Structure formats: C-alpha cells, structure tokens
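Reading the structure
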Amino acid sequence: MPILNGKAYWASVVSPNTTFDADGVYSVDLAVDAENKKKAEADGLTIKNKGDDRGDFVTIKRKAKRKDGSANKAPDVMDGMKRPLENTLIGNGSDVNVLYKTYEWTHKPTGRSGKSADLQAIQVVNLVAYEGGNTTASEFEEIPDAPSSASTSTSEFAEVPA
C-alpha cells in the first residue's frame, strides 16, 4: 500500500468527525511537498490548495460505517517506533506518514466517478500538541474554594505505563 508523508491538518483519527456525515468519517488533510504531490497525483488523488497554511494537500479519509451499516475499523495511529498512540489528538502541523489504499467510485445519480484514498494508518513522526478549538475558559476567574477535578479521587483507575 502507498505511503505519503507531510504535515497533518484537521486530523480526526481518535473519533470520527460527524460535521458533514452523521455516521462519521475518520480523516486527515495532508499537506504535501512536490515529491509527495507527484505520488498522490500518480495514484489519481485530487490535490487541493485553498491558499491557507496547508498549501497543496490531499484529503485521506475512511467512513466510520460501511455501506452495509457495519462499523469500519478506525485507522491505526502509531508513533515513530510503531507503538500504538491511543486517544492522542494530532495537532495541525504534525509530521506524519499516511498509509492508504486507493479505490474507484461512481456516484450513480450524477454519473460522476473518481478515485479516492481509504485511510489505513497514520504514523506520527513529530507530534504537535493539539490545543483545542476556540475556548472561552480564559474568560472565567478562578474560584479558590470551588471543587475541582484535581480533588476527585482517581485511585480506582489502573496506572498506565508510559
């Protein structure tokens, strides 16, 4: 299977993104250099450029559900040593390698057809910490006597080795 490397943007690999598809889609916009752009084009993938930080990029995705309604496996996410990265949010600008499979499709109602990439796995080479969306938490003042999540007991949870 082919592998592209580049910088990840808008990665939804921990949980599927349901913004445009109620069933959810695992996806990543992969900003590519000239060499990886040629590889993607050779595989028949569409290169986009919206004039933002991503420059030339390709969207690689996997639907969370198959056509028959069964669940699709989430893409594997691993670090540079091939160790699983579970529940790790990938921030914009992270250096990644993306393993994908190409497939051809036809949209029957319109007759349009093309080639797309099915997201198989992501290897994170250099993680940029995800900083979240626009948050308004900074607008609040701290309340010294209020209960906090730090005061909640977590002794029933097993310690996970690093």
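Residues numbered from 1 in each chain as written. Predicted model: local features only at pLDDT ≥ 70, side-chain atom pairs only at ≥ 80, totals over all residues. Heavy atoms only, no water.

1. Thoughts on the overall build of the chain
Using the following cut-off: A run of H or I in DSSP counts as a helix once it spans at least four residues, and a run of E counts as a strand once it spans at least two, with each numbered from the N terminus. Exposure is judged per residue with a 1.4 Å probe applied to protein chains only, and the accessible area is read against the type maximum: over 50% gives exposed, under 20% gives buried, and values in between give partly exposed. Any pair of residues with heavy atoms lying within 4.5 Å of one another is described as a contacting pair. For the accessible areas, the method is Shrake-Rupley and the probe is 1.4 Å, while residue cover comes only from the protein chains on display.
Each helix and strand counted, the chain has one helix and six strands in total. For the chain, the α and β elements follow one another from N to C terminus as β-β-α-β-β-β-β. Within the chain, the proportion of its 162 residues that are buried is 28%. Considering only intrachain contacts with a sequence separation of at least 6, the fraction spanning at least 24 residues in the chain is 65%. Only carbon and sulfur atoms are counted for the fraction: they give 50% of the accessible area of the chain, which is about 11600 Å².

2. A look at the pattern of salt bridges
For clarity, the cut-off: For this analysis, a salt bridge means a side-chain nitrogen from Lys or Arg found within 4 Å of a carboxyl oxygen belonging to Asp or Glu.
All chains considered together, the criterion is met by ten salt bridges. Residue Lys65 pairs with Asp23 through a salt bridge whose shortest N-O separation is 4.0 Å. Here Lys65 is found in the loop between strand E3 (57-63) and strand E4 (76-79), whereas its partner Asp23 is found in the loop between strand E1 (3-17) and strand E2 (25-31), with 42 residues between them in sequence. Three or more residues are tied together by salt bridges with common partners; here these are Asp29, Asp52 and Arg54.

3. Observations regarding a nonpolar patch on the surface
The test is simple: Within the patch definition used here, like charges are joined within 9 Å and nonpolar side chains (Val, Leu, Ile, Met, Phe, Trp, Tyr) within 5 Å, considering only residues with over 30% relative accessible area and no salt bridge.
On the surface, a nonpolar cluster with roughly 270 Å² of combined accessible area is contributed by Val14, Leu89 and Tyr130. With respect to the element layout, Tyr130 can be found in the segment after strand E6 (112-126).

4. A few points about the pairing of E6
A regular strand carries its side chains on alternate faces of the sheet. Inclusion rule: DSSP bridges decide pairing: two strands pair if at least two such bridges lie between them.
Of the strand pairs in this sheet, E4 and E6 are connected by four bridges, and their pairing is parallel. Looking at the pairing, Asp76 lines up with Ala121 of E6. Here 13 bridges tie strand E5 (residues 94-107) to E6, and the two strands are oriented antiparallel to one another. When the sheet's bridge partners are listed, Leu99 is paired in E6 with Ala121.

5. Digging into the side chain of Asn36
Tracing the sequence through the fold places Asn36 in helix H1 (residues 34-42). The residues contacting Asn36, other than those within four sequence positions of it, are Ile3, Leu4 and Asn5.

6. What about the nonpolar core?
Operational definition: Among buried residues, those of type Ala, Val, Leu, Ile, Met, Phe, Trp, Tyr and Cys that are joined through side-chain atoms within 4.5 Å constitute a nonpolar core.
Within the largest apolar cluster, 21 residues are counted, with the highest numbers of intra-cluster contacts made by Ile60, Val98, Leu119 and Ile122. Looking at this core, the elements that each hand over two or more residues are E1, E2, E3, E5 and E6. Among the elements that line this core, the one with the most residues is E6, at four residues. Once you skip the residues sitting within four places of it in the chain, Ile122 turns out to touch Val13, Val28, Asp76, Val77, Met78, Ile90, Val96, Asn97 and Val98.

7. Description of the packing of aromatic side chains
Put simply, the test is: For Phe, Tyr and Trp, rings pair up if their centres lie within 6.5 Å, where Trp contributes its six-membered ring, and each pair is then called stacked (planes under 30 degrees apart), edge-to-face (over 60) or tilted (otherwise). Two limits define a charge over a ring: the Lys NZ or Arg CZ must be within 6 Å of the ring centre, and within 35 degrees of the ring normal.
The tally for this structure, following the rule as stated, stands at zero aromatic pairs. Positioned above the aromatic ring of Phe57, the side-chain terminus of Arg54 is 4.1 Å from the ring centre.

8. Things to note about the environment of Val124
With respect to the helices and strands, the residue Val124 is situated in strand E6. Taking the C-alpha atoms as reference points, Val124 and Lys7, separated by 117 residues in sequence, lie 9.7 Å from one another. Those residues within four positions of Val124 in sequence are excluded, and the remaining contacts are Val77, Met78, Asp79, Gly80, Leu85, Ile90, Asp95 and Val96.

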